[in-house]
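# Chain and residue survey
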Amino acid sequence: MKKKILSMILAVTMVAGLLAGCGNSASDNGGDSAEVKEDAVEIDADTSGSGDSSSASGDLQVGIVLPTKDEPRWLQDQAQFEKILGDAGFTNQVLFSQGSSATEKTNVETLVSQGIDVLIICAQDGAAAAAAVEAAKDAGVTVIAYDRLITGTEAVDYYVTFDSFAVGVAQGQYLIDNAPEGTGIPLYLYAGAATDNNAFIFFEGAWSLLQPKIADGTFTVANSSEAEALKDKAELTRDELGKIIGQVTTDWDFNVAKSKAEAHLTAVGADLKGDVLVLGPNDGTARSIADVFATDKDVTSYKVTGQDAEKASVQYVIDGKQSMTVFKDTRTLAADSVAMAVSVLNGETPATDTTYNNEAKDVPAKQTDIVVVTKDNVKAALIDSGYYDASEFTGLE
Ligand code: GAL
């Protein structure tokens with residue numbers, strides 16, 4: 001217990017230190033590197049012999065399960081967790097589900113069998129993950145859903161998330177603000193995976209701004225008959241959103257995004273090319289889609305959105321190949337979930353600022369703001385904040 005209280009004090013100091021240090025030195029904590037910035041508070045973790053949660057006992061305190069190593073986004077989160085929890089003196093392990101709910105469940109069981117008190121999990125599939133977290137909950141583990149909500153179960157204690165509706169709004173607003181003059185401007189819609197609750201929220205956010213422009217004929221949807229059929233509805237039900245997403249989903253997969261974009265451009269006539277707008281749901285898919293649009297001789301110009309500020313997309317933004325990204329500061333999200341874990345380990349109720357309904361309960365949640373990044377503010381948002389180092393990019397002014 002002594003060790004836990006000490007860990008708590010150290011973790012709080014460290015989280016505060018990390019946040020305070022955000023504007024400081026260079027770092028390499030994103031993209032495909034697992035290295036994180038080194039200016040966090042120095043902590044000697046092994047100061048107590050109580051043994052109930054030390055590395056020596058072999059027991060894990062905090063287990064983290066992330067969806068896949070194949071997207072740089074989640075390697076950014078992994079790096080933050082290992083840094084923050086390690087520095088705070090918590091024994092911890094990060095496991096990846098590699099796109100499989102079965103692997104995810106096995107990962108959760110493995111962590112539970114190693115004695116974790118807190119599970120921080122970003123679900124591969126929000127509904128399928130219910131069984132995994134119910135098993136953890138039955139074993140007395142506190143469950144924190146990370147970034148993606150787990151649906152249809154009461155076994156989620158807390159949720160730590162970015163403002164996903166604001167992500168969609170930012171993407172929609174960018175396309176509106178940067179649309180060419182005129183009417184009937186071709187708009188290509190793409191979405192995330194239908195198994196990810198966030199994909200619905202992102203699309204809903206974007207739709208809230210794009211729908212009036214589609215309804216009044218400023219934009220013409222080029223690749224979704226479902227969206228076209230629903231164009232007069234300002235607010236869509238989950239089922240209606242599901243119909244559109246089912247048609248234009250990328251599954252968060254670069255290859256699916258690429259082949260869908262190719263198929264869409266093959267299917268349309270010249271009237272739906274020229275200067276076009278593309279709702280790209282995240283960075284990985286936006287780069288694939290951008291590459292396809294860039295090589296079509298009848299596409300004169302395209303604007304494409306993204307999110308995650310992945311290193312490769314930041315370079316695309318600098319190079320003018322991707323129009324914008326949304327910076328979701330994984331330092332804050334990881335720090336927020338660690339702060340929650342600290343409260344739980346200390347027998348306190350974590351601070352939350354909102355709730356998200358997961359179809360079974362209102363889950364207490366902590367929400368973090370997002371930052372829109374274009375060529376104009378790459379430096380201020382991502383370099384000056386210490387998230388990336390300028391040397392990781394070329395052509396940065
Ligand atoms: C979402 C997440 C995004 C993006 C996407 C694909 O749930 O919020 O940041 O990474 O998954 O993994």
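Owing to the predicted nature of the structure, the values given are computational and were not obtained by experimental measurement.

## Topic: the sheet that holds strand β5 (residues 158-162)
Pairing within the open sheet is mixed, and its 7 strands lie in the order β2-β1-β3-β4-β5-β12-β11. Edge positions in the open sheet fall to β2 (92-96) and β11 (354-357), since each of these has one partner strand only. Each strand of the sheet is rotated relative to its neighbour by a mean of 25°, with strand direction disregarded. Note that β5 and strand β12 (residues 362-368) share 4 bridges and pair parallel. Within the sheet, the bridge partner assigned to Val160 lies in β12 and is Lys366.

## Observations regarding the site of the ligand
As a matter of local geometry, the ligand sits amid Glu71, Arg73, Asp147, Arg148, Gly192, Asp196, Asn198, Trp252, Asn282, Gln307, Asp308 and Lys328. Of the residues contributing to the shell around the ligand, the split by class is 1 nonpolar, 4 polar and 7 charged. Both domains that meet at the shell around the ligand, namely domain 1 (4-163 + 329-370) and domain 2 (179-322), each give it at least three residues.

## Notes on the sheet that holds strand β7 (residues 219-221)
Whether parallel or antiparallel, the strands of a sheet pair through hydrogen bonds between backbone atoms. Reading across the sheet, the 4 strands line up as β7-β6-β8-β9 and stay open at both edges, with parallel pairing between neighbours. Only two strands of the sheet have a single partner each, and these edge strands are β7 and β9 (299-304). Pairwise comparison of adjacent strand axes, ignoring direction, gives a mean angle of 30° for this sheet. By the bridge criterion, 3 bridges tie strand β6 (residues 185-189) to strand β8 (residues 274-279) in an arrangement that is parallel. When the sheet's bridge partners are listed, Tyr188 is paired in β8 with Val278. Each of β8 and β9 touches helix α10 (residues 283-294); the most contacted strand, β9, lies at about 170° to it.

## Notes on the packing of helix α5 (residues 164-177) against helix α6 (residues 197-215)
Packed helices, taken two at a time, are described by the angle between their axes plus the distance between the axes. The interhelical angle for the contact between α5 and α6, taken along N-to-C directions, is 35°, at an axis separation of 7 Å. Handedness of the α5/α6 crossing: right-handed. From α5, Ser164, Phe165, Ala166, Val167, Gly168, Val169, Gln171, Gly172, Gln173, Leu175 and Ile176 reach across to α6, where they touch Asn198, Ile201, Phe202, Phe203, Glu204, Gly205, Ala206, Ser208, Leu209, Leu210 and Lys213.

## Focus: the nonpolar core
Within soluble globular proteins, side chains that are nonpolar generally end up buried alongside one another. Judged by nonpolar contacts, the single largest core of 114 residues is most densely connected at Leu119, Ile121, Ile144 and Ala145. Counting only domains with at least three residues in this core, you end up with domain 1 (4-163 + 329-370) and domain 2 (179-322). Once residues lying within four places of it in the same chain are set aside, the contact partners of Ile144 are Val118, Leu119, Ile120, Asp157, Tyr158, Val160, Ser337, Met340 and Ala341.

## Section: unusual backbone geometry
Phi is positive for Gln98, close to 50°, though the residue is something other than glycine. Looking at where Gln98 falls in the secondary structure, it is placed in the loop between β2 and α3 (101-113). For Gln98, a count of 14 C-beta atoms within 10 Å corresponds to the partly exposed category. Located in the positive-phi region is Glu359, a residue other than glycine, with phi close to 80°. Its location among the elements puts Glu359 in the loop between β11 and β12. On the basis of neighbour count, Glu359 is assigned to the partly exposed category, with 13 C-beta atoms found within 10 Å.

What counts and what doesn't
- Residues numbered from 1 in each chain as written.
- Predicted model: local features only at pLDDT ≥ 70, side-chain atom pairs only at ≥ 80, totals over all residues.
- Pairing = 2+ DSSP bridges.
- Helix = DSSP H or I, 4+ residues; strand = E, 2+ residues; numbered from the N terminus.
- Axes fitted to C-alpha atoms, helices over the stretch in contact; angles between N-to-C directions.
- Near = placed C-beta within 6 Å.
- Nonpolar A, V, L, I, M, F, W, Y, C, P; charged D, E, K, R; others polar.
- Domains from an automatic or database assignment.
- Contact = placed C-beta atoms within 7 Å.
- Left-handed = near helix turned anticlockwise from the far one by under 90°.
- Core = buried A, V, L, I, M, F, W, Y, C linked by C-beta atoms within 7 Å.
- Buried ≥ 20, exposed ≤ 12 C-beta atoms within 10 Å, placed from the backbone.

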